[in-house]
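Overview (structure and organization)
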Amino acid sequence: MIETDNPHRKQTVREKEIQLLKRIKEGDDKAYIELTGPYRERLYRKAVSMVKDGDDAEDIVQDALISGYRSIRNFRAESGVYTWLYRIVVNKSKDLLAKRKRARENSMDDSEFQVTDDRISFEKKVELSDESNYLINKIGELEDIYKEVIELRYFEEMSYSQIAEILGTNIGTVKSRLFKAKEFLKHLIMKDGKGEGFFR
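The sections below set out a description of the structure shown in this document. Everything quoted here is computed from the prediction, not taken from an experiment.

Calculation notes
- Residue positions are given per chain, counted from 1 along the sequence in the order it is written.
- Whole-chain, interface and lining totals are the exception, using all residues; otherwise, since this is a predicted model, local features are given only for residues with pLDDT of at least 70 and side-chain atom pairs are given and counted only at 80 or more.
- Excluded from the side-chain calculation are hydrogens and water; included are all heavy atoms of the structure.
- The way it works is that DSSP assigns letters per residue, a run of H or I at least four long becomes a helix, a run of E at least two long becomes a strand, and they are numbered from the N terminus.
- Throughout, exposure labels follow a simple rule: accessible area from a 1.4 Å probe, protein chains only, divided by the maximum for the residue type, with under 20% read as buried, over 50% as exposed, and the rest as partly exposed.
- Any two residues whose heavy atoms approach within 4.5 Å at even a single point are treated as in contact.
- Residue burial considers only the protein chains on display, and all accessible areas are found by Shrake-Rupley using a 1.4 Å probe.
- To get an axis, fit a line to the C-alpha atoms, keeping to the stretch in contact for a helix; angles then go from 0 to 180 degrees between the N-to-C directions.
- Should an angle fall under 35 degrees it is taken as roughly parallel, and over 145 as roughly antiparallel, whereas 65 to 115 is taken as roughly perpendicular and any remaining angle as oblique.
- A crossing counts as left-handed when the near helix is turned anticlockwise from the far one by less than a right angle, and as right-handed when that turn is clockwise.
- When residue character is reported, Ala, Val, Leu, Ile, Met, Phe, Trp, Tyr, Cys and Pro are called nonpolar, Asp, Glu, Lys and Arg charged, and the others, Gly included, polar.
- Expected helix span is computed as 1.5 Å times (number of residues minus one).

Some points on the overall build of the protein
- Scanning the protein from N- to C-terminus turns up 11 helices and zero strands.
- Its helices and strands in sequence order give the protein the pattern α-α-α-α-α-α-α-α-α-α-α, from N to C terminus.
- Looking at the protein residue by residue over its 200 residues, the buried ones come to 32%.
- Counting contacts in the protein only where the partners sit at least 6 residues apart, residues at least 24 apart contribute 62% of the total.
- Surface exposure of the protein reaches about 13,500 Å², of which carbon and sulfur atoms provide 49%.

Things to note about unusual backbone geometry
- Here the phi dihedral of Lys 52 falls at roughly 60 degrees; this positive angle occurs in a residue that is not glycine.
- By the secondary structure assignment, Lys 52 is in the loop between α3 (40–51) and α4 (54–71).
- One non-glycine residue with positive phi stands out, namely Glu 157, at about 55 degrees.

Considerations on the packing of α4 against helix α5 (residues 81–105)
- Axis separation between α4 and α5 bottoms out at 9 Å; the angle between their running directions is 130 degrees. By the angle between their axes, α4 is oblique relative to α5. The interaxial crossing formed by α4 with α5 has right-handed handedness. Contact residues: α4 offers Asp 56, Ile 60, Asp 63, Ala 64, Leu 65, Ser 67, Gly 68 and Ser 71, while α5 offers Trp 84, Leu 85, Ile 88, Val 89, Lys 92, Ser 93, Leu 96 and Arg 100.
- Residues that form the contact of α4 with α5 fall into these classes: eight nonpolar, four polar and four charged.

Digging into α5
- Over its 25 residues, α5 runs 36 Å from end to end, which matches the ideal 36 Å to within 8%, given 1.5 Å per residue.
- Within the span of α5, buried status applies to Val 81, Tyr 82, Thr 83, Trp 84, Leu 85, Tyr 86, Ile 88, Val 89, Val 90, Ser 93 and Arg 100.
- Where α5 is buried, its residues touch α1 (13–25), α2 (30–36), α3, α4, α8 (144–155) and α9 (160–167).

Bear in mind that shape data such as this cannot, by itself, settle questions of function.
Right under this line is the structure:
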């Protein structure tokens with residue numbers, strides 16, 4: 001008799017997620033913490049990159065995880081759990097940014113929205129080389145649709161299909177945007193006379 005399951009084979013991330021989702025739907029609340037825990041820091045970094053405030057980012061992630069918990073039993077696992085949570089965090093970050101914008105329009109003093117997370121900025125300065133910081137700053141100068149596709153592909157290390165799902169488009173459009181994004185980025189860097197260090 002041939003065994004189809006190897007007890008020594010390591011579970012894939014996808015298999016582990018499906019197993020945890022099954023436990024959640026059976027009423028095991030601890031499984032939700034186990035499912036989402038590994039993604040919390042990455043989700044937090046994404047929220048900070050959008051809203052530029054550590055406390056707000058923490059609130060967004062917490063709110064996203066609560067929203068995710070409330071709807072987890074309807075999650076069909078057609079996409080990965082991180083992709084699903086990432087979309088929730090991005091949408092909630094956009095909601096906060098829209099709320100800030102409305103508040104600014106209703107007030108002459110928008111200084112309360114100039115808060116940044118100094119701890120995150122300091123850690124980034126320590127961890128990243130001057131070259132990396134320069135590159136991140138240049139990416140930040142791109143239009144949002146190009147900046148986002150670069151971040152998803154190279155910082156979040158997502159596949160084209162995952163990016164397409166998050167952006168609500170197709171793989172061809174993702175590839176096209178990524179190509180244009182890299183061309184725009186190359187142009188910005190070449191303008192500074194630093195092309196040789198980045199493009200060979």
